[in-house]
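# Chains, contacts and geometry: an overview
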Amino acid sequence: MAKKVLFINQEIAPFVPESELSIMGRDLPQAVQEKGFEIRPFMPKWGTINERRGQLHEVKRLSGMNLIIDDTDHPLVIKVASIPTSRIQVYFIDNEDYFMKRKMETDESGEEYPDNGERAIFFARGVIEAVKKQGWAPDIIQCQGWMGAVIPFYVKEACKDEPSFANTKVVTSLFATHLMGELGESFKRCVDYREATADLLDKYDQKFDFIQLGKMAIDYSDGVVQASPDVNADLLSYVAEKNVPLLPYPGETGYGEAYADFYNKLTE
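The text that follows walks through the structure, step by step, so that each part is easy to find. A quick note: this is a predicted structure, and the numbers were derived from the prediction, not measured.

### Some points on the environment of Glu-162
- Tracing the backbone through its elements, the reader meets Glu-162 in the loop between helix H4 (151-158) and strand S9 (169-174).
- In this structure Glu-162 touches Lys-132 and Arg-194, once residues within four positions along its chain are discounted.

### Here's the deal with the packing of helix H1 (residues 20-34) against helix H8 (residues 256-266)
- At a closest axis distance of 9 Å, the pairing of H1 and H8 adopts a crossing angle of 65 degrees. Our classification of the angle between H1 and H8 gives roughly perpendicular. As H1 packs across H8, the resulting crossing turns out to be right-handed. Mapping the contact onto sequence places Met-24, Leu-28, Ala-31 and Val-32 in H1 and Gly-256, Tyr-259 and Tyr-263 in H8.

### With respect to H8
- Residues of H8 that are buried: Gly-256, Tyr-259, Ala-260, Phe-262, Tyr-263 and Leu-266. Here the buried residues of H8 occupy an arc of 160 degrees about the axis, which is enough to place them on one side.
- Buried residues in H8 make contact with strand S1 (4-9), H1, strand S8 (140-144), S9, strand S10 (223-226) and strand S11 (246-247).

### Re unusual backbone geometry
- A cis geometry characterises the amide bond from Ala-13 onward to Pro-14, with omega recorded as 10 degrees.
- Relative to the assigned elements, Pro-14 resides in the loop between S1 and H1.
- Positioned with a positive phi, Arg-87 is a non-glycine residue whose angle comes to about 65 degrees.
- Positionally, Arg-87 belongs in the loop between strand S6 (77-82) and strand S7 (89-94).
- Residue Arg-87 is classed as exposed on the basis of its relative accessible area of 58%.
- The backbone of Arg-194 shows a phi angle near 55 degrees, a positive value even though the residue is not glycine.
- Relative to the elements of secondary structure, Arg-194 occurs in the loop between helix H5 (184-190) and helix H6 (210-219).

### A few points about the pairing of S8
- Within S8, five of the five residues are buried, leaving the element largely enclosed by the surrounding structure.
- Where S8 meets S9, five bridges bridge the pair, whose relative direction is parallel. Each bridged residue has a counterpart across the sheet, and for Ile-140 the counterpart in S9 is Lys-169.
- For the crossover from S8 across H4 to S9, the handedness is right-handed.

### Let's talk about the nonpolar core
- Core analysis: the biggest nonpolar cluster contains 96 residues, and Phe-15, Tyr-154, Phe-187, Leu-213, Tyr-259 and Tyr-263 have the highest contact counts within it.
- A total of nine residues in this core trace back to one element, the largest contributor, which is helix H3 (residues 116-134).
- Not counting residues within four places of it along the chain, the set of residues in contact with Leu-213 comprises Trp-146, Ala-149, Val-150, Leu-183, Phe-187 and Phe-208.

### A look at the side chain of Thr-168
- Relative to the helices and strands, Thr-168 resides in the loop between H4 and S9.
- For Thr-168, a relative accessible area of 3% puts it in the buried group.
- One polar contact links the side chain of Thr-168 to the main-chain carbonyl oxygen of Pro-138, over a distance of 2.7 Å.
- Each residue touching Thr-168, except ones within four places of it in the same chain, is listed here: Pro-138, Asp-139, Ile-140, Ile-141, Lys-156 and Asp-222.

### A word on the pattern of salt bridges
- Counted by the stated rule, this structure contains 13 salt bridges.
- The partner of Asp-94 in a salt bridge is Lys-79, and the shortest N-O contact between them spans 2.9 Å. Of this pair, Asp-94 sits in strand S7 while Lys-79 sits in strand S6; the two residues are 15 residues apart in sequence, bridging distant segments of the chain.
- In the salt-bridge network here, residues are joined through shared partners; they are Lys-45, Glu-51, Lys-79 and Asp-94.

Criteria and thresholds
- Residues numbered from 1 in each chain as written.
- Predicted model: local features only at pLDDT ≥ 70, side-chain atom pairs only at ≥ 80, totals over all residues.
- Heavy atoms only, no water.
- Helix = DSSP H or I, 4+ residues; strand = E, 2+ residues; numbered from the N terminus.
- Contact = heavy atoms within 4.5 Å.
- Axes fitted to C-alpha atoms, helices over the stretch in contact; angles between N-to-C directions.
- Parallel < 35°, antiparallel > 145°, perpendicular 65-115°, else oblique.
- Left-handed = near helix turned anticlockwise from the far one by under 90°.
- Buried < 20%, exposed > 50% of the residue type's maximum accessible area, 1.4 Å probe, protein only.
- Arc of directions from axis to C-beta.
- Pairing = 2+ DSSP bridges.
- Right-handed = clockwise from strand over helix to strand, strands pointing away.
- Core = buried A, V, L, I, M, F, W, Y, C linked by side-chain atoms within 4.5 Å.
- Polar contact = N/O pair within 3.5 Å; in protein donor to acceptor, adjacent residues only side chain to side chain.
- Salt bridge = Lys/Arg side-chain N within 4 Å of Asp/Glu carboxyl O.

So far we have only geometry, and geometry alone does not tell us how the molecule works.
Below is the structure:
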């Protein structure tokens, strides 16, 4: 039986402009699928995505749930579309407060959104609820980009007894780019989800920024990929210090076999 890989992508081309992240978000699932894995990619439905051009449509059977974050109900909307070149289906997590009519990391003035941490929390919980509703139990979860960095924490703490995730291995990819702002108290206030509680984050710096978010992802991952040649040195040192299995930078092309071997070793 084919092993299942759930891709948590921050960006996927052509739904957003091409970048290191969006090209990897598009190409890696296809490369892994060609190695015999069953794949399912998710990404945020950023407000910059043209739904008509991308032919997105809502998946009614998965939408309709409210996620409570910071004592506020936030409706979860899930949409789907296919990548034209590969016909791979992509699922989109949407919400009026966090994504509709809003750009990705920064606003029109180039300022980082102050609720980026909350947006990552909503996205992570939205993916988890959608996968549970689909009854699809991934063997591997591959997280790419800071928007997926909360997933390892939730899978290992909040979902450890969930049939969909009990045996799942989580892999985090580290890229060269990261945001500079702090997630601060609002992130810790909003992160609580079942057994994944804010007090578990006390070991990280009080000024909880995107480097600390990366360290949290590493701590709760079963494997790490150096996805860029120029990854933050502190995070790479942290991977070595924590003795987490690492796939060194596998190159810009032809990396499908390296990922497939890494996944197979983690799930032996």
